[in-house]
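Architecture at a glance
Now for the letters of each chain:
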Amino acid sequence: MIDIPMSDLLRNMYENSMEAIFFVNSEGEILHMNPAAENILDYDVIEQLHKGETISICSSCAGYTSEEAMISCVNCFLKNTKEDFSSFQVYLNTRGRGLVPYAASFHVIDEARGIRVFMLLNLTKQYRTQEMLYQTNMTKYVIKAQEDERKRISRELHDSVAQELLSSLVDLRVLKYMNADEVVLNKLQQTEASLTRLLDDIRRLAVELRPASLDDFGLEAAFRSHFKWLEKNYGLLIDFKAELSAARYSSEIETVVYRICQEAVLNALKYANTDEMLVRLFEEEGELQLIVQDEGSGFQLNAKDPRGTGLGLFGMRERAELVQGQLTILSEVGVGTTIHLRIPLSSNQGGGKQ
Amino acid sequence: MMRDEPNFDFQQAIDSLRERFDFDLVSIALVQSAADQFVLTWQYASGNLNERYKRIVLHSGKGIAGMVFKTGKPMMIQNIADELDPNDLFNYPIIVAEQLQAVCATPLWKESRVAGVLLVGFREANRLTASLLDDFRQYLDPSFGPYFTKELIEE
């Protein structure tokens, strides 16, 4: 064994530890604390201590997490000798950082003199990590739930409502060949016209919710019909270059790419003052890439008051992150905007040709 | 009756309409035949800046023409900038593409159905004055080409 006296080791640990260590008496008054602990407490508390006043740890403590409440003083660990406080969570009022959660342990180390040690480890960072994880998962669930629901309604519209309407239309057309007089036939044609348009509206609704072609035939087919729809509805001309040769990806990736492209094109349509744009979909360097480019009016990327809700770009980033994708937005006023999405493809999830 | 006239020259009619009232744009959307699924599309235009809106298939209830088609009521916007939300403007492609600032759309009736929409517009706001609208209505009363401009006057 290396010959370092135990007392030195203990002293060094006490002085240099990241953990805040307090020695308190049976009343909870602070007898001694290490530098890490001094860094936590408010200056006026430290000052009072140096003046020799007795300060209870209670003055900085806001409570601990019990089974009943997040922050509670019921059954305070200082007084309670029956329960096990070898590991629990406590909230302290800290210097300049407000209320901070700590992982704490509280032991009696000297029964005769009633001396206990109270040790704290900052949990903020771990909490933030947990929160981020939670948020990402939550976003994933919300988006998935939304897509599933859209898919369900879309299928329902397409498979049952539209089908029923179509068979009624066929019935109606049959009437033409059954000796009806001119007035009836004329009326019939009008009804046929409005039913045909209604059928078209229902199909359009179904596709707008979620294109069946995305699930059945993949990105390229879904984009082609979406862009055709945009041309018919808004007169928008999209130069679409797909270099995927009908490759299919996981449904999650396909959804992300489709929705991001949809949003990007819609943004250009709304704000870019142009009726032409370029969309390129390709695979390169093990990544699935999407480029949406227009030569419209462009915008300032960090503008204080964006046009529209300003949530669109945020939502696009959020979706990209779901599949570890990267979204780059380049825009210059008067020059145009380019949106570049890159999604890494691991060997097992991409490129499978059907 | 005009509506029995088979070869009404729409182009010539809207050209002279534009000249007479000094409109910047006059356009007509008509319901297409069964072979084209009875869609409503812009067929004739006078004074148009480009061909963009001709690619558009109109939908009942959407946009100016769609609204007139659905309700059978004329629709007027005196000042686009004031009356339409700029964030919603993309839903009115003809206004965007033709840079219109004031528009008036009238339903065209045939056999008690709206069979088309006549749209007139200015690229300047507030040009649709009361006296101009009076003259315009009179000019269109009771029909435009083979179509009626009011409901319930047939047979």
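For the structure itself, consult the block above.
Residues numbered from 1 in each chain as written. Chains lettered and ligands numbered in written order. Predicted model: local features only at pLDDT ≥ 70, side-chain atom pairs only at ≥ 80, totals over all residues. Heavy atoms only, no water.

1. So, the overall build of chain A
Check the secondary structure of chain A and you find 9 helices and 13 strands. By the burial criterion, 40% of the 354 residues in chain A qualify as buried. Contacts in chain A between residues far apart in sequence, at least 24 positions, make up 59% of those at least 6 positions apart. Put simply, chain A shows about 21100 Å² of open surface, and 53% of that area lies on carbon and sulfur atoms. (Helix = DSSP H or I, 4+ residues; strand = E, 2+ residues; numbered from the N terminus. Buried < 20%, exposed > 50% of the residue type's maximum accessible area, 1.4 Å probe, protein only. Contact = heavy atoms within 4.5 Å. Areas by Shrake-Rupley, 256 points an atom, 1.4 Å probe, with all protein chains shown as cover.)

2. Considerations on the pairing of strand S2 (residues 30-33) of chain A
Along a regular strand, successive side chains alternate from one face of the sheet to the other. Where strand S1 (residues 20-24) of chain A lies against S2(A), 3 bridges are found, and the strand directions are antiparallel. From the neighbouring strand, A:Val24 faces S2(A), where its bridge partner is A:Ile30. (Pairing = 2+ DSSP bridges.)

3. What about the pairing of strand S5 (residues 98-110) of chain A?
All names here are of chain A. Relative to S5, strand S4 (residues 88-94) runs antiparallel, the two being bridged by 7 bridges. The residue bridging Gln89 from the neighbouring strand is Ala103, located in S5. Between S4 and S5, which follow one another and run antiparallel, lie 3 residues, and Gly96 among them has a positive phi close to 70 degrees. Strand direction decides the pairing type here: S5 and strand S6 (residues 115-122), joined by 8 bridges, are antiparallel. Bridge assignment links Val108 to a residue of S6, and that residue is Arg116. Between S5 and S6, which pair antiparallel in sequence order, lie 4 residues; one of them, Gly114, sits at a positive phi of approximately 70 degrees.

4. Thoughts on the pattern of salt bridges
Side chains that carry opposite charge are capable of pairing whenever their charged atoms lie near each other. Evaluated as defined, the whole model comprises 25 salt bridges over all chains. Among the salt bridges present, the one from A:Lys144 reaches A:Asp148, with a minimum N-O distance of 2.9 Å. Residue A:Lys144 and its partner A:Asp148 are located together in helix H4 (residues 124-174), separated by 4 residues, close to a single helical turn. Residue A:Asp148 is classed as partly exposed on the basis of its relative accessible area, which comes to 36%. Note that B:Glu124 and B:Arg127 form a salt bridge whose closest N and O atoms lie 3.6 Å from each other. Counted as one network, the salt bridges with shared partners bring together A:Glu147, A:Lys151, A:Arg210, A:Asp215, A:Arg259 and A:Arg319. (Salt bridge = Lys/Arg side-chain N within 4 Å of Asp/Glu carboxyl O.)

5. Looking at the packing of H4(A) against helix H5 (residues 182-209) of chain A
Residue and element names in this part refer to chain A. Packing of H4 against H5 leaves a shortest axis separation of 9 Å and a crossing angle of 165 degrees. The pairing of H4 with H5 is recorded here as roughly antiparallel in orientation. Seen from above, H4 lies across H5 with left-handed handedness. Of the residues belonging to the contact of H4 with H5, the class tally is 16 nonpolar, 4 polar and 5 charged. (Axes fitted to C-alpha atoms, helices over the stretch in contact; angles between N-to-C directions. Parallel < 35°, antiparallel > 145°, perpendicular 65-115°, else oblique. Left-handed = near helix turned anticlockwise from the far one by under 90°. Nonpolar A, V, L, I, M, F, W, Y, C, P; charged D, E, K, R; others polar.)

6. Focus: the nonpolar core
Residue and element names in this part refer to chain A. Judged by nonpolar contacts, the single largest core of 41 residues is most densely connected at Phe223, Val257, Val265, Leu288 and Leu290. Every element with two or more residues in this core is listed here: helix H7 (219-234), strand S7 (237-243), helix H8 (251-271), strand S9 (276-284), strand S10 (287-294), helix H9 (311-322), strand S11 (326-332) and strand S12 (336-344). With 10 residues, the top contributor of residues to this core is H8. If you look at the next biggest cluster of nonpolar residues, it comprises 28 residues, including Ala20, Ile30, Ile57 and Leu78. (Core = buried A, V, L, I, M, F, W, Y, C linked by side-chain atoms within 4.5 Å.)

7. Some words on the interface of chain A and chain B
With 26 residues of chain A at the contact, the number on the chain B side is 18 residues. Buried area between chain A and chain B, summed over both chains or domains, comes out near 2100 Å², and the portion from carbon and sulfur atoms is 49%. On inspection of chain A and its partner chain B, the count reaches 1 salt bridge. The shortest N-O distance in the salt bridge between A:Asp275 and B:Arg55 comes to 3.2 Å. Inspection of the chain A/chain B interface yields 9 residue pairs in polar contact (both at pLDDT 80 or more). For the side of chain A that touches chain B, the secondary structure elements donating two or more residues are H5, H7 and H8 of chain A. At 12 residues, H5(A) tops the list of elements feeding residues into the side of chain A that touches chain B. Among the residues making up the side of chain A that touches chain B, the classes are represented as 6 nonpolar, 9 polar and 11 charged. (Buried area = accessible area lost by both parts, 1.4 Å probe. Polar contact = N/O pair within 3.5 Å; in protein donor to acceptor, adjacent residues only side chain to side chain.)

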